[in-house]
Amino acid sequence: MECVIAVHAGAGYQKATKEANYKKICMKACKKGLEVLKNNGSALDAVAVATMVLEDSPLTNAGYGSNLTWNGAVECDASIIDGSNMHYGGVGAVSGIKNPIALAKLICENQNLKMSFGRIPPCLLVGLGAHEYAIANNIVTVDPFNLISEKSKKDFVRNKYKVINQKYSNCQAGNSRLDTVGCVGMDKLGNVAASSSSGGILLKQDGRVGQAALLGSGCWAQNMSDDVAMAVTTSGCGEHLIKTNLAREMSRQLLNSSCPTIAITKCFNEDFIHSPILKNCNEKLAGALVLYKNKDCCEILSAHTTKSMCIAYATENDKKSFVSRLMTNTLPGTSVMVQGYPI
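The model shown is predicted, which means the values in this text are computed figures rather than measured ones.

Parameters and conventions
- Residues numbered from 1 in each chain as written.
- Predicted model: local features only at pLDDT ≥ 70, side-chain atom pairs only at ≥ 80, totals over all residues.
- Heavy atoms only, no water.
- Helix = DSSP H or I, 4+ residues; strand = E, 2+ residues; numbered from the N terminus.
- Rg over C-alpha atoms; globule rule 2.2 N^0.38 Å.
- Buried < 20%, exposed > 50% of the residue type's maximum accessible area, 1.4 Å probe, protein only.
- Contact = heavy atoms within 4.5 Å.
- Areas by Shrake-Rupley, 256 points an atom, 1.4 Å probe, with all protein chains shown as cover.
- Lys, Arg positive; Asp, Glu negative; His and termini not counted.
- Charge placed at Lys NZ, Arg CZ, Asp CG, Glu CD.
- Pairing = 2+ DSSP bridges.
- Axes fitted to C-alpha atoms, helices over the stretch in contact; angles between N-to-C directions.
- UniProt positions renumbered as here; feature names shortened; annotations may be inferred.
- Expected span 1.5 Å × (residues − 1).
- Arc of directions from axis to C-beta.
- Parallel < 35°, antiparallel > 145°, perpendicular 65-115°, else oblique.
- Nonpolar A, V, L, I, M, F, W, Y, C, P; charged D, E, K, R; others polar.

### Some remarks on the overall build of the chain
Looking only at helices and strands, one finds eight helices and 13 strands in the chain. Against the 2.2 N^0.38 benchmark of 20 Å for 343 residues, the chain shows a C-alpha radius of gyration of 19 Å, consistent with a compact globule. With the C-alpha coordinates aligned to their principal axes, the bounding extent of the chain is approximately 60 × 55 × 40 Å. The proportion of buried residues among the 343 residues of the chain is 57%. Sequence separation of 24 or more characterises 70% of the internal contacts of the chain that already satisfy a separation of 6 or more. When the accessible surface of the chain is summed, it comes to about 14600 Å², and 52% of that surface belongs to carbon and sulfur atoms. Positive and negative side-chain charges in the chain, numbering 35 and 28 respectively, have mean positions lying 7 Å apart.

Following this line, the structure appears as structure tokens:
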């Protein structure tokens, strides 16, 4: 089985002047993940390593350089799922963790732990409890202020000033980043995994948990059989993705369709853009990265309703990074751009 890794740097808006930088960091993440897979590592290991590369980059809204909360803090969400056994680990609104995905992976791997008195290992930890769990398990922690980049600080000051002074209608924060990152991968055994990591929406309520922490809305992965497997990671407006459970719904559509491109297009239109849950929302912003395998083919697919989305993928024989953009004169949140890349 040929191993494959794919990442995205967020469904949002990547300026053309920074396109090369986004493509470079995405390809770096893929190369690191592919090294793990080529050395017989698991899909779970590879996906976590690739995500950590994205978390360490100030370009993305995850880990270092994340958007700041209303009170000026970095609070991160992350999750990961192992498709071979459906184990999941997530963290929400956690501060002072260098790589939130590393903590999520630890929680995922600890699902098999046997605990006394009938206790059950947690699959989702938030806030202070998540931080204490990280310390107890030797996950790298840092001073929370060391996760604030100069750009995120400037964005915070500028946009909070706008909101406080109500210079714009509805007090919107303008082009705040929605660049949640994510990864999907498949190892040599055909097992799949998916991850999601985010700093959340700029000026979010302190303590808010977004879709990147949650199973079904942030990520989903499942080995259905020896022949069929799928992994999904999402990006965009967390509240919209949580309400529509988009990653899980996309997997359901994929399972019930013979064409993954049609399934993803149908899911975005029926379960997101035209979802009755979002009928009162003006802009419906989301993106997804999908790995789909059946007995006949393996394919990486991307989809987004945002202005753009940076994607990269790598196998032992091929690699590519690019920025997908909505068609000219298409309003974000009103239609979806879907592309497929056979592996």
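### Brief notes about the sheet that holds strand E12 (residues 319-325)
Pairing in this open sheet of eight strands is mixed, and the strands run E4-E3-E2-E6-E5-E1-E11-E12 from one edge to the other. Two strands lie at the open edges of the sheet, namely strand E4 (124-126) and E12, each paired on one side alone. Going from strand to strand, the sheet's axes swing by 10° on average, the running direction of each strand aside. Judged from the five bridges that link them, strand E1 (residues 4-12) and strand E5 (residues 181-186) form a sheet pairing that is antiparallel. Directly across from histidine 8, in E5, lies its bridge partner glycine 182.

### Examining the UniProt feature "active site" (unreviewed entry) in the chain
As annotated in UniProt, the feature "active site" (unreviewed entry) corresponds to Thr180 in the numbering used here. Residue position: threonine 180 is located in the loop between helix H5 (150-165) and E5. Setting aside chain neighbours within four positions, we find threonine 180 in contact with His8, Ala9, Gly10, Ala11, Asn61, Ser196, Ser197, Ser198, Gln211, Ala212, Thr234 and Ser235.

### Regarding H5
Here H5 contains 16 residues, and its C-alpha end-to-end distance of 23 Å stays within 8% of the 22 Å for a straight helix at 1.5 Å per residue. Ser152, Asp155, Phe156, Asn159, Lys160, Lys162 and Val163 are the residues of H5 that are buried. All buried residues of H5 project into a common sector of 155° when viewed along the axis, lining one side. Of the residues in H5, the exposed ones pointing more than 90 degrees away from the buried face are Glu150, Lys154, Val157 and Ile164. Trailing H5 by a residue or two, glutamine 166 shows a phi angle of about 50°, which is positive.

### Regarding the packing of helix H3 (residues 100-109) against helix H4 (residues 127-136)
The N-to-C vectors of H3 and H4 enclose an angle of 80°; their axes lie 11 Å apart at closest approach. Viewed along their axes, H3 and H4 adopt a mutual orientation that is roughly perpendicular. Residues Leu103, Leu106 and Ile107 of H3 form the contact with H4, whose own contacting residues are Ala130, Tyr133 and Ala134. Here the residues of the contact of H3 with H4 are counted per class, giving six nonpolar, no polar and no charged.

### Quick notes on unusual backbone geometry
One non-glycine residue with positive phi stands out, namely methionine 86, at about 65°. Judged by its relative accessible area of 30%, methionine 86 is partly exposed. We note that asparagine 329 has phi near 70°; this positive angle belongs to a residue other than glycine. The topology assignment puts asparagine 329 in the loop between E12 and strand E13 (337-342).

### Quick word on the environment of alanine 134
For alanine 134, the location among the structural elements is in helix H4. Residue class for alanine 134 comes out buried when judged on its relative accessible area of 0%. In this structure the C-alpha to C-alpha distance between alanine 134 and proline 276, which are 142 residues apart in sequence, comes to 39 Å. What alanine 134 contacts, discounting residues up to four positions off in sequence, is Ile97, Leu103, Ile139 and Thr141.

### Focus: helix H7 (residues 246-255)
Given 3.6 residues per turn, any residue in an α-helix points the same way as the ones three and four places further on. H7 sits mainly inside the fold: seven of its ten residues count as buried. Burial in H7 covers these residues: Leu246, Ala247, Glu249, Met250, Ser251, Gln253 and Leu254. Against strand E7 (219-223), strand E8 (229-236), helix H6 (238-244), helix H8 (260-273) and strand E9 (286-293) lie the buried residues of H7.

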